[in-house]
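Now for the letters of each chain:
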Amino acid sequence: MAYYAAILDMIDESKNQTYRPHHLEYLDKLKEQGKVYLKGPFKDGSGGMVIYIADSFEEAEQLAKSDPYVVEGVRSLNLREWGI
C-alpha cells in the first residue's frame, strides 16, 4: 500500500456547491473501504486535497478520476505519490 495526494484545484466555482454533496459522499464511501487517509479543502478556497491509499498509482488514479468533482469538471486533478 502507498499514499497518493490528489490536489484538486478549482476550475468552475459555479458548479462547486452543486457537486459538493456527491464529492463528499464518494469520499466517505472510499474512507469506509480504507481507501482515503485524509481529505480537506484549502483555506483560500482554491480547491482541496485528498490522500488516497492504494496498491498502485493506477488504482489511485482510477479512484481520483472517478471523483464527481473531476468527472464534472469542477476541479482539475494533479496526482502524486506521497510519502509520510
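Some points on the pattern of salt bridges
Item 1. A full pass over the atoms with the stated rule returns four salt bridges.
Item 2. A salt bridge links K39 to D28; the nearest nitrogen and oxygen atoms lie 3.7 Å apart. One end of the pair, K39, is in strand β2 (residues 36-41); the other, D28, is in helix α1 (residues 13-32), and eleven residues separate them in sequence.
Item 3. For K39, a relative accessible area of 37% translates into the label partly exposed.
Item 4. The partner of K65 in a salt bridge is E61, and the shortest N-O contact between them spans 3.5 Å. One end of the pair, K65, and the other, E61, are both in helix α2 (residues 57-65), four residues apart, so they sit about a helical turn from each other.

Here we look at the packing of aromatic side chains
Item 1. Per the stated rule, a full pass over the model turns up four aromatic pairs.
Item 2. Centre to centre, the rings of Y3 and W82 are 6.2 Å apart; their planes meet at 80°, and the pair counts as edge-to-face. Taken together, the positions of Y3 in strand β1 (residues 2-10) and W82 in strand β4 (residues 75-82) put the pair 79 residues apart, joining distant regions of the chain.
Item 3. Judged by its relative accessible area of 24%, Y3 falls in the partly exposed class.
Item 4. The partly exposed category is assigned to W82, whose relative accessible area is 31%.
Item 5. Plain terms: the ring middles of Y4 and F57 are 6.0 Å apart, the flat faces sit at 75° to each other, and that makes the pair edge-to-face. Residue Y4 is located in strand β1, and its partner F57 is located in helix α2; the two are separated by 53 residues in the primary sequence.

Rules and cut-offs
- Residues numbered from 1 in each chain as written.
- Predicted model: local features only at pLDDT ≥ 70, side-chain atom pairs only at ≥ 80, totals over all residues.
- Heavy atoms only, no water.
- Salt bridge = Lys/Arg side-chain N within 4 Å of Asp/Glu carboxyl O.
- Helix = DSSP H or I, 4+ residues; strand = E, 2+ residues; numbered from the N terminus.
- Buried < 20%, exposed > 50% of the residue type's maximum accessible area, 1.4 Å probe, protein only.
- Phe/Tyr/Trp six-rings, centres within 6.5 Å; stacked < 30°, edge-to-face > 60°.

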